[in-house]
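# Summary of structural features
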Amino acid sequence: MVTDRTRQILDEARRLFAQAMTSDTVEQLRVRYLGRKGLISEIFDSIRQVPTEERPAAGQTANELKKALTALLEEAQRRIGRKEVRTSALFDPTLPGRRPPLGHVHPLSRTTEELCDIFRTLGFTVVEGPEVEFDWYNFEALNIPADHPARDAFDTFFITDRMLLRSQTSTVQIRVMEHAQPPIRVVAPGRCFRPDTEDARHMSMFHQIEGLMVDEGVSFGDLKAVLHIFARELFSEDVRIRFRPSFFPFTEPSAEIDCTCPACHGTGCGTCSGSGWLELGGAGMVDPNVFKAVGYDAEKYTGFAFGMGVERVAMLKYGIGDMRMFSQNDLRWLRQF
Amino acid sequence: MIISYNWLKELCPHDLAADALAERLSHAGLCVETCEAREDDWVLEVDVTANRPDCLSHIGIAREAAALTGRRVCRPEIKVAEDASVRFNGLSSVKVECPDLCPHYTARVILGVKVGPSPEWMQRRLVTCGLRPVNNIVDVTNYVLLESGQPLHTFDMALLDERRIVVRRAGLGETMVTIDGTQCRLSPEMCVIADARKPVAIAGVMGGLESEIRDATSDVLLESARFCPPNIRRTSRALGLSSDSSCRFERGVDPENVERASRRAAQLILELAGGRLASGLADVRDDRPKAAEVTMRFERLAMVLGLKVDAADVRRIFEGLEIEITKQTRSAVTVVIPSWRASDLTREIDLIEEVVRIHGYDRISETTRIPVTVAKMSARERCMRTARHLLAGEGFDEVVTFSLIAPGKAQIAQPWHDGGPIALRNPFSADRTHLRLTNMANLLGVKSFNASHGADAMDMFELAKVYVPRNTAADEQPEEKLCLSLLTDREDGFLVLKGALANVLEALHVEGSLSEEPAQVGPFAEGESLRLLLDDRLLGCVGIVSESMAAELDVDSRPALLEVDFDLLIEKARIDATLRPIPKFPSVERDIAVVVDEAVRWSDLRCCVLASSVEHLEAIEFFDVYRGQQVPAGKKSIAFSLTFRASDRTLTGEEVDAARDRVVAALAKGFGATLR
């Protein structure tokens, strides 16, 4: 009798649970079957009326029924739960995502990191040098003698007779070469200072990156190759570079490096004043007098060096028109990077 | 230098239009900045580099144009008629007392000139080149300067004491008024042109007002000389005076042109102002620089450039530049350096540059193979990047501020140095005179700037150097300490910054124990700042800007600041974590809330718990402080969690409870803490 009743309840339960569509219905069914005063409870109570020898069997049947009903309940709860998450009117999936505020790395840092990464792939090790330097490293060792008009281009801030704030990162060339023998392949990013009148293209504090490669048989062709690969990585595959003869005391031959304007790809636009070309920096073969200053055999070794303004590169890359923005730190500007 | 296209074409008859010429010159090393049409001429502004003083004249640039276009230079013919009846030696004399400062001095005399305006063709050329016409005598000297690069000077002989010249060092305290009206204080380092009594010109720089040519001048002394370049530069800088003459003497003039230019000027003066040229001249010469010979090897040229240049091309280039070839073999070529290139072309490498700049850099191909070598990122770089990007991810914006600041600003906070900052000798603005000792002052400045531009929430950091002096007077370089500095104006800013630092330490896997001690540093309020230490070494400080400092700096709200020695962090960073095995057995947590007096600090409670040496205590973590209804006045409730774990078994509930009770007992004993 218990068995018949059990089967009946189970069949009905299966049907009703399958039909249940809301969690309220499911709850009602739970109360009906598994609640304190529910059917299972009733069945367990009714076992008392069964003859003693039949009680164990009846009890087992009741337990099995309870297990089966519990399983049906849980399955229904899971099913309804999933559905209700999807269709609840209180949840608006079109709301914007929750965003903890994002900070921003300064464009000069970004640019320096990118430049170092590019040169690292070409085998250049990143090194640094002091900003407060000696006159010898900033001038004489770089083939800029005292009382020479070449010094005009490298006006400096002085601290004592011999100590100054470096006006170019080329000082690091000397620092590296005086402590190491060739082969040398380094880039040196860093801060420089010049008492320049400040305007959109000049600041008294600025950043440069210097490159130096010295070995037996290094040629101008190697310099061209390295800089072209670099420019392609930095801007785009179709960028071209050109070299115009120039003068730096520490290189011979010397050149100014131009690249095709990233904005118009060399066809001419406002950014490049219609010429299609923009200045990138300076370069050349290391002057033998520099090798002499650091004790290298200028007959055995040759090398090239190049220097670029980091602000300049950042301005080209990001289309920034005024150099003063970098140190103004207007958060409305910084937060765009 | 500003030059006239027409004048240039007269000297070098090429067939290029003005802008085509400008382009050719620029691509060979003479950068033409602008090329503008003016009436029937074009004006080219040429940026002559310091190594090419020979191009500071029309003839010099004509030489370049000739080399580039395969033409010859057509120099003007110099034919001067001397009057045999008057001799220089009877009219004047020149004594050079300082040949080291003036290695060559020439003088000629022209008697009975008629001073007046110079002809229209000369005035036009002078004006085109940016000079102002004065009178026919002075204009001739300027004309010859523009033509061949030799600066000249003319004196009214009647105004020269004893009508003679002495080239000497200035005496101590001597003064002179220059033609531009400046009273100059002279010194014995300076070379002057003097008459019998007084200086009449600052040699190579500027003439004196007293002896300049005027309308009534009749007898003219014409000077053409060469001076010691570094000395002229020193004098020019010391007096703050520069001129078309001084900039040429500084760079060096052509020794072979000194006397020739004098003759050329005499020719023009006779032509334009009449008069009679006395025969003979003063020609005092101390040095006679010999033309140098330099040899260039073809193999070396090919190696340095990565390009082979034909011997025939090399020959053509040198000949075009008027560099005479004295010997040529299969392997090398030997040349004589012309006098006007003597300072610039002294070595084989200089000749190599001449060849390639005319031949064209674009002829050099890029090498296709560069030897492979490994370049690793240094620990320093990795630490900097990790910290930078981590902080950006946590909402901090990176700023870059000036290394040079005003001294008052420098003293706001001095976490690293008790003395004063390093001062510049020649600052160029009053608010950038000293090297900063901290980044924190600048961060406050950035906050002020942005606040006045409408910014609300600001979280920022700077990773940059401060300059800690060592023994500056003894030329000892300062320590350039890399500091990580943070600022926030959030409510709970102090704790936000401490948390950010903790995250940086974790991301860098910094080894060592961090400790803190209360300290009153710089701009921070009493009781609201800490000194931070890493293994008992000074790491930095953190604090909240005091009311008074905020008012003084005109900063609204009281931001929190933190600054740490990033070099120390780099030293202690392990970047790559050392893995520890995952614990085998689960941990058990117990949360505790104790009521203590207000004055009790978290660090004290924590120390007490750790000191109680309770077994299996893995971690203790603060999570709340509560004041309110359920807590008596003058007291607060601090809640924290204890995590227990044994490495060899699962701890039982009873063991953990007992441990917790021991902790509570220790706190009760130490602080009278009661459980809440």
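From a predicted model like this one, the values you see are computed outputs, not experimental measurements.

This part covers the overall build of chain A. Broken down by element type, chain A carries twelve helices and ten strands. Since a compact globule built from 337 residues should have a radius of gyration of about 20 Å, the 40 Å found for chain A marks it as more spread out than a globular shape. The principal-axis extent of the C-alpha atoms belonging to chain A is close to 125 × 45 × 40 Å. Counting only residues that meet the buried cut, chain A has 53% of its 337 residues in that class. If you take every contact in chain A between residues at least 6 apart in sequence, the share linking residues at least 24 apart comes to 66%. By element, 51% of the accessible surface of chain A is carried by carbon and sulfur atoms, the whole surface being about 15,600 Å². Looking at charge distribution, chain A has the averaged site of its 41 positive side-chain charges lying 14 Å from that of its 47 negative ones.

A word on the packing of helix H6 (residues 136–148) of chain B against helix H9 (residues 258–273) of chain B. Residue and element names in this part refer to chain B. In the contact formed by H6 and H9, the axes pass within 9 Å of each other and the chain directions differ by 140°. As judged from the angle between their axes, H6 and H9 are oblique. Taken as a pair, H6 and H9 cross one another with a handedness that is right-handed. Seen from H6, the contacting residues are Asn-136, Ile-137, Val-140, Tyr-143, Val-144, Glu-147 and Ser-148; seen from H9, they are Ala-261, Arg-264, Ala-265, Leu-268, Ile-269, Leu-272 and Ala-273. Looking at side-chain class alone, the contact of H6 with H9 contains ten nonpolar, two polar and two charged residues.

Core analysis: the largest hydrophobic core is formed by 192 residues, its most contacted members being Phe-306 of chain A together with Phe-318 of chain B. Apart from residues lying up to four places away in sequence, Phe-306 of chain A is in contact with Phe-119, Phe-124, Val-187, Ile-209, Glu-210, Gly-211, Leu-223, Val-226, Leu-227, Gly-282 and Ala-283 of chain A. Grouped together as the second largest cluster of nonpolar side chains are 40 residues, Phe-88, Cys-98, Cys-184 and Leu-221 of chain B included.

Moving on, we come to the side chain of His-359 of chain B. Structurally, His-359 of chain B is set in helix H12 (residues 348–359). If near-sequence neighbours (up to four positions away) are discounted, His-359 of chain B is found in contact with Leu-307, Val-309, Asp-313 and Ile-317 of chain B.

All names here are of chain B. With 13 residues, H6 should cover 18 Å at 1.5 Å per step; its first-to-last C-alpha distance of 18 Å lies within 8% of that length. The buried fraction of H6 amounts to eleven of the 13 residues, a majority that puts the element mostly inside the structure. Looking at H6, one finds that the buried residues are Asn-136, Ile-137, Asp-139, Val-140, Thr-141, Tyr-143, Val-144, Leu-145, Leu-146, Glu-147 and Ser-148. Just beyond H6, the residue with positive phi is Gly-149, at close to 85°.

This part is about the pattern of salt bridges. For the coordinates displayed, the defined rule picks out 83 salt bridges over all chains. In this structure, a network of salt bridges that share partners links the residues Arg-52, Asp-54, Glu-64, Arg-341, Asp-344, Glu-354 and Arg-357 of chain B.

On to unusual backbone geometry, then. Cis rather than trans, the peptide bond between Pro-182 of chain A and Pro-183 of chain A has omega equal to 5°. Topologically, Pro-183 of chain A is positioned in the loop between helix H7 (171–177) and strand E5 (184–193). Glu-252 of chain A connects to Pro-253 of chain A through a cis peptide bond whose omega is 0°. Summarising the element assignment, Pro-253 of chain A is placed in strand E8 (residues 251–260). Positive phi outside glycine occurs at Asn-329 of chain A, with the angle close to 55°. With a phi close to 60°, Asp-475 of chain B is a non-glycine residue in the positive phi region. Counting through the fold element by element, Asp-475 of chain B comes out in the loop between strand E23 (459–468) and strand E24 (479–488). Note on Asp-475 of chain B: relative accessible area 17%, which makes it buried.

Let us now look at the layout of surface pockets. Residues and elements named next belong to chain B. Of the volumes computed, that of the second largest pocket is approximately 2,000 Å³. Lining the second largest pocket are 44 residues; nearest its centre among them are Leu-495, Lys-498, Glu-516, Trp-602 and Ser-603. Secondary-structure elements contributing two or more residues to the lining of the second largest pocket are helix H16 (493–507), strand E25 (514–518), strand E26 (524–534), helix H19 (602–611), strand E30 (617–626) and strand E31 (635–644). Across the lining of the second largest pocket, the residue classes break down as 20 nonpolar, eight polar and 16 charged. In terms of domain composition, the lining of the second largest pocket takes at least three residues from each of domain 4 (379–572) and domain 5 (588–675).

Within the open sheet, the five strands sit side by side as E5-E8-E11-E12-E13 (chain B). Their pairing is mixed. Every other strand in the sheet has two partners, leaving strand E5 (94–96) and strand E13 (206–207) of chain B as the edge strands with one partner each.

Right, let's talk about the pairing of strand E3 (residues 41–47) of chain B for a bit. In summary, the side chains of a regular strand alternate between the two faces of the sheet. Residues and elements named next belong to chain B. One ladder, built from three bridges, connects strand E1 (residues 2–4) with E3; its direction is antiparallel. Bridge assignment links Ser-4 to a residue of E3, and that residue is Val-43. With seven bridges connecting them, strand E2 (residues 31–38) and E3 associate as antiparallel partners. From the neighbouring strand, Cys-35 faces E3, where its bridge partner is Leu-44. Counting the residues in the hairpin turn of E2 and E3 gives two residues, including Glu-39, whose phi is positive at 50°.

Attention shifts here to empty space enclosed by the protein. Taken as a whole and assessed by the stated rule, the structure comprises three cavities of 30 Å³ or more. Considered as a void within the structure, the largest cavity measures approximately 80 Å³ in volume. Every residue lining the largest cavity is listed: Pro-245 and Ser-246 of chain A together with Ala-28, Gly-29, Thr-49, Asn-51, Arg-52, Arg-341, Asp-344, Glu-353, Glu-354 and Arg-357 of chain B. Only strand E7 (241–248) of chain A together with H12 of chain B provide two or more residues apiece to the lining of the largest cavity.

A separate point is the domain arrangement of chain B. Here chain B is described as being made up of domain 1 (2–69), domain 2 (82–285), domain 3 (293–363), domain 4 (379–572) and domain 5 (588–675). Each of domain 3 of chain B and domain 5 of chain B was reduced to a C-alpha centroid, and the two centroids are 85 Å apart.

Strand pairing within a sheet occurs via backbone hydrogen bonds; the two strands may be parallel or antiparallel. Residue and element names in this part refer to chain B. The sheet built from four strands is open, its strands ordered E30-E31-E29-E32 with antiparallel pairing. With partners counted over all chains shown, the strands left at the sheet margins are E30 and strand E32 (674–675), one partner each. Where E30 and E31 come together, eight bridges link them in antiparallel fashion. Bridge pairing in E31 places Tyr-626 opposite Ser-637. Strand contacts of H19: strand E29 (588–597), E30 and E31, with the helix running at about 155° to E30, the strand carrying the most contacts.

Moving on to the interface of chain B and chain A. Contact with chain B, which involves 83 residues of that partner, is made by 88 residues of chain A. In total, chain B and chain A occlude about 7,200 Å² of area from one another, counting both sides; carbon and sulfur atoms represent 53% of this. Notably, a salt bridge pairs Lys-465 of chain B with Glu-131 of chain A, separated by 3.8 Å at the nearest N-O pair. For the interface between chain B and chain A, the tally reads 50 residue pairs in polar contact (both at pLDDT 80 or more). When contributions to the side of chain B that touches chain A are tallied by element, the ones reaching two or more residues are helix H7 (229–239), helix H8 (244–251), helix H10 (298–305), H12, helix H13 (379–393), strand E20 (397–398), helix H15 (440–451) and E23 of chain B.

Moving on, we get to the environment of Leu-126 of chain B. One can find Leu-126 of chain B in helix H5 (residues 120–128). Counting along the chain gives 14 residues from Leu-126 of chain B to Val-140 of chain B, while the straight-line C-alpha distance between them is 9.7 Å.

So, about H10 of chain B. Residue and element names in this part refer to chain B. Among the eight residues in H10, six count as buried, and that is most of the element. Those residues of H10 lying buried are Phe-298, Arg-300, Leu-301, Ala-302, Val-304 and Leu-305. Where H10 terminates, the next one or two residues include Gly-306, which has phi positive at roughly 75°.

Okay, the packing of aromatic side chains next. Residues and elements named next belong to chain A. Under the definition given, this model contains 23 aromatic pairs over all chains. Plain terms: the ring middles of Tyr-318 and Phe-337 are 5.2 Å apart, the flat faces sit at 85° to each other, and that makes the pair edge-to-face. Of this pair, Tyr-318 sits in helix H10 (residues 310–318) while Phe-337 sits in the segment after helix H12 (331–334); the two residues are 19 residues apart in sequence, bridging distant segments of the chain. Three or more aromatic residues joined by ring pairs form one cluster here, namely Phe-119, Phe-124, Phe-230, Phe-304 and Phe-306. Sitting over the face of the ring of Phe-139, Arg-151 holds its NZ or CZ atom 3.9 Å from the ring centroid. Above the ring of Tyr-137, the side-chain terminus of Arg-175 is found at 3.8 Å from the ring centroid.

The next point concerns the packing of helix H2 (residues 18–26) of chain B against helix H3 (residues 58–69) of chain B. Residues and elements named next belong to chain B. At a closest axis distance of 10 Å, the pairing of H2 and H3 adopts a crossing angle of 90°. Classed by the angle they form, the pair H2 and H3 counts as roughly perpendicular. Note on element contacts: H3 touches H2 through Ile-61, Glu-64, Ala-65, Leu-68 and Thr-69, opposite Leu-21, Arg-24 and Leu-25. A breakdown of the residues in the contact of H2 with H3 according to their chemical character gives five nonpolar, one polar and two charged.

Calculation rules
Residues numbered from 1 in each chain as written. Chains lettered and ligands numbered in written order. Predicted model: local features only at pLDDT ≥ 70, side-chain atom pairs only at ≥ 80, totals over all residues. Heavy atoms only, no water. Helix = DSSP H or I, 4+ residues; strand = E, 2+ residues; numbered from the N terminus. Rg over C-alpha atoms; globule rule 2.2 N^0.38 Å. Buried < 20%, exposed > 50% of the residue type's maximum accessible area, 1.4 Å probe, protein only. Contact = heavy atoms within 4.5 Å. Areas by Shrake-Rupley, 256 points an atom, 1.4 Å probe, with all protein chains shown as cover. Lys, Arg positive; Asp, Glu negative; His and termini not counted. Charge placed at Lys NZ, Arg CZ, Asp CG, Glu CD. Axes fitted to C-alpha atoms, helices over the stretch in contact; angles between N-to-C directions. Parallel < 35°, antiparallel > 145°, perpendicular 65-115°, else oblique. Left-handed = near helix turned anticlockwise from the far one by under 90°. Nonpolar A, V, L, I, M, F, W, Y, C, P; charged D, E, K, R; others polar. Core = buried A, V, L, I, M, F, W, Y, C linked by side-chain atoms within 4.5 Å. Expected span 1.5 Å × (residues − 1). Salt bridge = Lys/Arg side-chain N within 4 Å of Asp/Glu carboxyl O. 1 Å grid on protein atoms, 1.4 Å probe; cavity = no way out; pocket = protein on both sides within 12 Å on 5 of 7 lines; lining within 4 Å. Points joined across faces, edges and corners; volume = space filled by probe spheres on them. Domains from an automatic or database assignment. Pairing = 2+ DSSP bridges. Buried area = accessible area lost by both parts, 1.4 Å probe. Polar contact = N/O pair within 3.5 Å; in protein donor to acceptor, adjacent residues only side chain to side chain. Phe/Tyr/Trp six-rings, centres within 6.5 Å; stacked < 30°, edge-to-face > 60°. Lys NZ or Arg CZ within 6 Å of the ring centre and 35° of its normal.

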